[in-house]
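# Structural overview for review
Here is what each chain is made of, one letter per residue.
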Amino acid sequence: MSFSIGNVSPGMGPRDALDRYGSANRENTGKFNPHVIRRLLAYLRPHTWKMMIALVLTLGESGLTLLTPYLTKVAIDQYITPRDASGLWGIAAIITVSFIALFFVSAGQRYLLSWVGQKVLAKIRSDLFRKLQRLQLGYHDNHIVGVTVSRVMNDVAEINELLSQGVITLVGDLIVLVGIIIIMLTMSPRLALITFTVLPLILLATWVFSRYARASFRETRSKIAAVVGDLAEDISGMRAIQAFAQEKASQERFERVNRENRKAYINAMSLSFIFLPTIEFLGMVATAIVLWFGGRFVLAEAVTLGVMVAFLSYVTRFFQPILEVSRLFTTFQSAMAGGEQVVKLLDTPVEIADLPEAREMPPISGKVEFDHVVFRYKPDAPLVIDDVSFTIQAGSTVALVGPTGAGKTSIANLLTRFYDIQSGAIRIDDSDIRTMTQASLRRQVCVVSQEPFLFPRTLEENIRYHSPNATHAAVEEAARQANAHDFISAYPAGYQTRVQEGGVNLSVGQRQLISIARAILAKPRILILDEATANIDTVTEAAIQQALERLLHGRTAIVIAHRLSTVRNANWIYVLDHGEIVEQGTHAELLDHGALYAQLYARQFTNSDNDRAE
Ligand SMILES: Nc1ncnc2c1ncn2[C@@H]1O[C@H](COP(=O)(O)OP(=O)(O)OP(=O)(O)O)[C@@H](O)[C@H]1O
Ligand SMILES: [Mg+2]
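Quick caveat, the model's predicted, so the values are computed rather than measured.

### Observations concerning the sheet that holds strand β2 (residues 385-392)
The strand order β2-β1-β4-β5 describes an open sheet built from 4 strands, whose pairing is antiparallel. The sheet terminates laterally at β2 and β5 (431-432), the two strands that pair on one side only. Pairing analysis gives 2 bridges linking strand β4 (residues 423-428) to β5, with the strands arranged antiparallel. Residue pairing across strands places I428 opposite S431, the latter belonging to β5. Each of β1 (368-375), β2 and β4 touches helix α12 (residues 408-415); the most contacted strand, β1, lies at about 115° to it.

### Remarks on the domain arrangement of the protein
Segmenting the protein into domains produces domain 1 (32-347) and domain 2 (368-613). Distance between the C-alpha centres of domain 1 and domain 2: 57 Å.

### Side note on the sheet that holds strand β7 (residues 526-530)
Strand order in the open sheet formed by 6 strands is β6-β7-β8-β3-β9-β10, and the pairing between neighbours is mixed. Only two strands of the sheet have a single partner each, and these edge strands are β6 (445-448) and β10 (580-585). Each strand of the sheet is rotated relative to its neighbour by a mean of 20°, with strand direction disregarded. As judged from the 5 bridges shared by strand β9 (residues 572-577) and β10, these two strands associate in the antiparallel manner. When the sheet's bridge partners are listed, L576 is paired in β10 with I581. Across the sheet, α12 lies against β3 (397-401), β6, β7, β8 (556-560) and β9, angled at about 155° from β7, the strand it touches most. Here helix α17 (residues 508-522) sits on the sheet in contact with β6 and β7, set at roughly 165° to β6.

### What to know about the site of ligand 1
Near ligand 1 the following residues occur: D141, Y377, V384, G402, T404, G405, A406, G407, K408, T409, S410 and Q450. Among the elements that make up the shell around ligand 1, the one with the highest residue count is α12 (3 residues). Its residues assigned to classes, the shell around ligand 1 comprises 3 nonpolar, 7 polar and 2 charged.

### So, helix α18 (residues 538-552)
Compared with an ideal rise of 1.5 Å per residue, which puts 15 residues at 21 Å, α18 spans 20 Å between its outermost C-alpha atoms and is within 8% of the ideal. Listed in full, the buried residues belonging to α18 are E541, I544, L548 and L551. Summarising the axial view, the buried residues of α18 lie within an arc of 70°, below the 170-degree limit, and thus occupy one face. Across from the buried face of α18, at angles greater than 90 degrees, the exposed residues are V539, Q546, E549 and R550. Residues of α18 that are buried sit in contact with α17. Two residues or fewer after α18 comes G554, characterised by a positive phi angle close to 80°.

Cut-offs applied
- Residues numbered from 1 in each chain as written.
- Chains lettered and ligands numbered in written order.
- Predicted model: local features only at pLDDT ≥ 70, side-chain atom pairs only at ≥ 80, totals over all residues.
- Pairing = 2+ DSSP bridges.
- Helix = DSSP H or I, 4+ residues; strand = E, 2+ residues; numbered from the N terminus.
- Contact = placed C-beta atoms within 7 Å.
- Axes fitted to C-alpha atoms, helices over the stretch in contact; angles between N-to-C directions.
- Domains from an automatic or database assignment.
- Near = placed C-beta within 6 Å.
- Nonpolar A, V, L, I, M, F, W, Y, C, P; charged D, E, K, R; others polar.
- Expected span 1.5 Å × (residues − 1).
- Buried ≥ 20, exposed ≤ 12 C-beta atoms within 10 Å, placed from the backbone.
- Arc of directions from axis to C-beta.

Next up, the structure:
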């Protein structure tokens, strides 16, 4: 494999996907979308009982909130004004009890709602993760890791508040609101109507606010995704950034997205900073109205003092639910924007799914057949495999050679069904691979990939990755055959040495040895070695070749290699160029033929001392 500098971030997806993410987000309006709501509400269904209890508690909370100012009025009008101290005790006791009840009721309600909220949150995240695992590689090729992470973490959190608190709090707030209006109207219609003159102002302020808030909250959401996306991409490309001394440029780029994110947040926040004081100010105005008009009514004996005091208390309580409802409104909008993204991901069709009638692949003998296979990675991309047909008999070793970009790795990707072909068929033991489950296919077809991937776990766990039940002795035996045992034992912790992220504490060749050991341990019926020994010195390679020959005995193998000395012993060699098979035959036949293979070979022969020595 080549020195992978310059390949800034394999697997991170294209940077322009970030921009596409941003524009997709702009289209996404945060408006009411019944499908999204229905999908999200389904997550509450398992918690119906808890939600019911929370609802009852909320009703209790609303009732108690409405009750206390009324009790104050009774205390003033029936006991304080008539100077009846003995009755005052009773009403004071009732007020105290209702405050204590209010405390417990709201604590219980909050606890229940948070509990349900966290449950739902975890469930959505685990569903998203399951979905991401099922989605074909083609999906992941086109999506930025950071954006996907932001979706699973931030967008889901956005929904959580609405789902858990939203609906129930809304019910409670509306009850309090309507309750206060009714109570005020019955206590004193005149004073009530005068007080309500501030209502249109509040509605106006809320309307103006929510219009601007919707736009700016949406903006913040796409900006934070851009920050996470950029960060993840640059961290994984740190090696290339430092190697090319691009720290300054990438710092500037990061600062730009960071700044945009900050601006968007401050915009959104300052809206709330203006809105909340406005509402509070209107609350003061309402209080002043009650004091002014209520006071005059009391003096004129049109209303009792108790009514006025109750009004003062109700007016302050009146603004609480209005604030809550308008806050919920913005929560609703960002939750809809987040929810749309989450539901979109949950609803993304899995293009490479097992057919309903897919069966387990039985133990195979290992015949592989490509039948007029045509393939491109994307509908608008050029053909990568152009009408390729070949048959590999069970138990034989076949080599695929050809220039860079010819489509060799793509053939491995197709045989393991990481991508589906556009036309033709791929058969194993005469059954189309699309009729079998993917898991059973991949248990018997194993790829030692061109870019070996190791997990940040111990070396032993990495070797055991395909065969979780293998004993330590088996792991060690596989490592010996792969010539990995010596370098593993040289570590103080031996097989328990932890691989660092991306395998950076191993050389590329050592990583290849580990993946070969992994394949040896897995003993698949069909083994694909994609440049598996490209980074290993020729002496070690020769030793591994022997071990592989033992392993491959009776198994089907596809060996992909640029170093043509490693494919000389293959039973049959296919030469691939621009997605087509241009030549085939044994090593000797192809040399005689004097075409592409002979040219590639001749060039290596003159360039490589090793080959000359052989
Ligand atoms: N995930 C992908 N998405 C889109 N195009 C791809 C993808 N992987 C490969 N390609 C394209 O398919 C073509 C064949 O690539 P492939 O990896 O099969 O080449 P290869 O023969 O293995 O080359 P090499 O010898 O360098 O490993 C190339 O033109 C490449 O740009
Ligand atoms: Mg390749």
